Amino acid sequence: MWCQRLAWLLRGPCRQRGSTGRRWPWLPQDPRPVLAAPARCHPTATESPRCAWQLHRDHLELRYGTTLMRLDFVWLRDHCRSASCYNTKTNQRSLDTASVDLAIQPQAVRVDETTLFLTWPDGHVTRYGLEWLVKNSYEGQKQQVMHPRILWNAEIYRQAKVPSVDCRSFLETDEGLKEFLQNFLLYGIAFVENVTPTKEDTEILAERISIIRETIYGRMWYFTSDFSRGDTAYTKLALDRHTDTTYFQEPCGIQVFHCLKHEGTGGRTLLVDGFHAAEQVLRQAPEHFELLSKVPLKHEYVENVGGCHNHMIGVGPVLNVYPWNNELYLIRYNNYDRAVINTVPHDVVRRWYHAHRALTAELRRPDNELWVKLKPGKALFVDNWRVLHGREAFTGYRQLCGCYLTRDDVLNTARLLGLQA
């Protein structure tokens, strides 16, 4: 039975026969698991239908609104936001977590309409806003998504009529930048129009939202179909859908494309929302989704062309999810660069192939394919952790430039503009 406040606990130490003088004699000092005596519930004069709580041996159970939280005592002490425990100027913890007694228990607990108060054995008082606890507790986080998104196939994206942002607005106004970033966060792709078709102007564009990530391909890459690097991208061949740099321990977060010139035919860019495809797999065959999110694979890039000598290896599952809410945050899919599968035992590998086939079938569904003709002046930003890209074969001379951006910096820019990222 829930109670709003154990008011009788707050009147002072228990003075029972044989009592040790401890305020809560049924809470053992020994940290080993024991059965706690049933908690007694006493309503108070200021009962709130939105809040109820109950004490247990090692945690506080607190219901606020529709959220039932189980808050460990050590956690409650460690996250104290008092002036001696937390520096609000730097937003950093001052309390030494290793100094907190792992068997700590509060001496007194009080809850009013908006705040939880805890008094610790040394007299220190911790205060938590109930809204803060809902937002930051494990149970609260399970109910939230880290990154709100709109999953799409080609028809959904076309019907949304997502606008491109003009280059001048993007570079010179917060409104234009915010509109661009909101589109990017929701759909994983965004366009900027009227960009001067040069590598230098593309670089200025990219630096508006992030530090450019220098990789083995340089800072700003610039290529034609001259096979100057040991990569199929440097040819005129078609490229199947894939994410880039799967062979990095941390794949690049954002990729920028700008077609500076194309004198020929073909060469359309293919875009596929990998999260939309993964969501279909989750609905139709959750066991496949689980396998793809747990089995680690190696991806490899071996290059010996001219003066370029590289051997990169990245390890990770195809689907990467946050464990507390199963939210997908990264897809690592590149059949070109997947290395020998030697991290999967024989009794799992066949099931993995079935799961991979299910995801591939979704990624290759024609209605999931968004085809875009990149032209000079129109720059494309792609979330490489979410959206797969490819291209059709082409003829003639085609010149592209672009770069990789650090994901942290793009998300930082979005948060500073008030967006959830």
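Residues numbered from 1 in each chain as written. Predicted model: local features only at pLDDT ≥ 70, side-chain atom pairs only at ≥ 80, totals over all residues. Heavy atoms only, no water.

> How should the overall build of the chain be read in this particular structure?
Secondary structure summary: the chain contains 11 helices and 23 strands in total. Classification of the 421 residues of the chain by burial places 49% in the buried group. Considering only intrachain contacts with a sequence separation of at least 6, the fraction spanning at least 24 residues in the chain is 72%. Accessible area of the chain: about 21,000 Å², with a carbon and sulfur share of 51%. (Helix = DSSP H or I, 4+ residues; strand = E, 2+ residues; numbered from the N terminus. Buried < 20%, exposed > 50% of the residue type's maximum accessible area, 1.4 Å probe, protein only. Contact = heavy atoms within 4.5 Å. Areas by Shrake-Rupley, 256 points an atom, 1.4 Å probe, with all protein chains shown as cover.)

> I tried to follow the confidence of the model for the chain on my own but got confused; where do I start?
Scored by pLDDT, the chain has a mean of 88; 86% of the residues are at 70 or more. Note that residues 1–47 has pLDDT below 50 and, in this model, 82 contacts with residues that lie over four places away or in other chains. (pLDDT = per-residue confidence, 0-100.)

> Please clarify how the nonpolar core should be interpreted in this entry.
Note on soluble globular proteins: their nonpolar side chains tend to be buried together. Among the nonpolar cores identified, the biggest contains 28 residues, and Phe170, Phe180, Leu181, Ile209, Phe381 and Leu405 are the most heavily contacted of them. Elements with a contribution of two residues or more to this core: α5 (167–172), α6 (174–187), β10 (189–193), α7 (199–207), β14 (254–263), β21 (379–383), β23 (397–405) and α11 (407–416). Per element, the largest residue contribution to this core is five residues, and it comes from α6. Residues in contact with Ile209, not counting those within four places in the same chain, are Phe170, Leu177, Phe180, Leu181, Phe381, Leu405, Asp409, Val410 and Thr413. Within the second largest apolar cluster, 25 residues are counted, among which are Trp53, Val74, Val111 and Leu133. (Core = buried A, V, L, I, M, F, W, Y, C linked by side-chain atoms within 4.5 Å.)

> Please explain the packing of α6 against α11 as it appears in this structure.
When two helices pack together, their arrangement is captured by the angle between the axes and the distance separating the axes. At their nearest, the axes of α6 and α11 sit 10 Å apart, and the two run at 125° to each other. In terms of their interaxial angle, α6 and α11 are classed as oblique. The two elements α6 and α11 meet at a crossing, and its hand is left-handed. Contact residues: Leu177, Leu181, Phe184 and Leu185 in α6; Val410, Leu411, Thr413 and Ala414 in α11. Of the residues that constitute the contact of α6 with α11, the class distribution is seven nonpolar, one polar and no charged. (Axes fitted to C-alpha atoms, helices over the stretch in contact; angles between N-to-C directions. Parallel < 35°, antiparallel > 145°, perpendicular 65-115°, else oblique. Left-handed = near helix turned anticlockwise from the far one by under 90°. Nonpolar A, V, L, I, M, F, W, Y, C, P; charged D, E, K, R; others polar.)

> Help me understand the sheet that holds strand β8 (residues 125–129) in this model?
Hydrogen bonding along the main chain pairs the strands of a sheet, whether they run parallel or antiparallel. With respect to topology, three strands assemble into an open sheet ordered β6-β7-β8, the strand pairing being antiparallel. The sheet is open, and its two borders are formed by β6 (108–111) and β8, each paired with just one other strand. Across the sheet, the mean angle from the axis of one strand to that of its neighbour is 15°, orientation sign disregarded. With four bridges connecting them, β6 and strand β7 (residues 115–119) associate as antiparallel partners. Within β7, the position partnered with Val111 by the bridge is Leu116. (Pairing = 2+ DSSP bridges.)

> How should I be thinking about helix α8 (residues 274–284) in this particular structure?
Helical geometry note: an α-helix holds 3.6 residues per turn, so side chains three or four residues apart project in the same direction. Those residues of α8 that sit buried are Gly274, Phe275, His276, Ala277, Ala278, Gln280 and Val281. For α8, the secondary structure elements touched by its buried residues are β15 (269–273), α9 (286–294), β18 (319–321), β19 (328–331), α10 (346–363) and β22 (387–391). Measuring from the backbone nitrogen of Phe275 back to the side-chain oxygen at the start of α8 gives 3.1 Å, which picks out Asp273 as the cap. (Polar contact = N/O pair within 3.5 Å; in protein donor to acceptor, adjacent residues only side chain to side chain.)

> Looking at this structure, I do not really get the sheet that holds strand β20 (residues 370–372). What am I missing?
Read across the open sheet, the four strands follow the order β13-β22-β15-β20; overall the sheet is antiparallel. The sheet is open, and its two edges are formed by β13 (239–242) and β20, each paired on a single side. Strand-to-strand, the axes of this sheet are offset by a mean angle of 20°, without reference to chain direction. Note: β13 against β22, two bridges, orientation antiparallel. Across the sheet, residue Leu239 finds its bridge partner in β22, namely Arg391.

> I would appreciate a short explanation of the pattern of salt bridges in the present structure.
Summed over the entire model, instances satisfying the criterion amount to 20 salt bridges. Taking the shortest distance from any N to any O, the salt bridge between Glu172 and Arg168 comes out at 3.2 Å. Of the two residues, Glu172 and Arg168 are both situated in helix α5; the distance of four residues between them amounts to about one turn of the helix. Relative accessible area serves as the criterion here: at 56%, Glu172 is assigned to the exposed category. Using a relative accessible area of 60% as the deciding quantity, one classes Arg168 as exposed. A single network of salt bridges, built from pairs that share partners, joins Asp240, Arg241, Arg364 and Glu369. (Salt bridge = Lys/Arg side-chain N within 4 Å of Asp/Glu carboxyl O.)

> What's the story with the packing of α8 against α9 in this structure? I'm lost.
Where α8 contacts α9, the two axes come as close as 5 Å, and the packing angle between them is 125°. Considering their axes alone, α8 and α9 lie oblique with respect to each other. Where α8 abuts α9, its residues Ala278, Val281, Leu282, Arg283 and Gln284 lie against Pro286, His288 and Phe289. Of the residues that constitute the contact of α8 with α9, the class distribution is five nonpolar, two polar and one charged.

> Even after reading the chapter, I still don't get the packing of aromatic side chains, so can you show me in this structure?
Given two aromatic rings, one states the distance between the centres and the angle between the planes to describe the pair. All chains considered together, the criterion is met by 17 aromatic pairs. Centroid distance Tyr157 to Tyr187: 5.6 Å. Interplanar angle 85°. Geometry classified as edge-to-face. You can see Tyr157 sitting in helix α4 (residues 154–160) and its partner Tyr187 sitting in helix α6, a full 30 residues away along the chain. Across this residue pair, the class does not change: Tyr157 and Tyr187 are buried. Three or more aromatic residues joined by ring pairs form one cluster here, namely Phe170, Phe180, Phe184 and Phe381. Taking NZ or CZ as reference, Lys378 lies 4.7 Å from the ring centre of Phe191, over its face. For Arg398, the ring lying beneath its charged end belongs to Phe394, and the centroid distance is 5.2 Å. (Phe/Tyr/Trp six-rings, centres within 6.5 Å; stacked < 30°, edge-to-face > 60°. Lys NZ or Arg CZ within 6 Å of the ring centre and 35° of its normal.)

> Any chance you could explain α6 here in plain terms?
In this model α6 runs 20 Å from its N-terminal to its C-terminal C-alpha over 14 residues, within 8% of the 20 Å that 1.5 Å per residue would give. Of the positions making up α6, those classed as buried are Gly176, Leu177, Phe180, Leu181, Asn183, Phe184, Leu185 and Tyr187. Residue Gly188 follows α6 closely and has a positive phi angle near 85°. (Expected span 1.5 Å × (residues − 1).)

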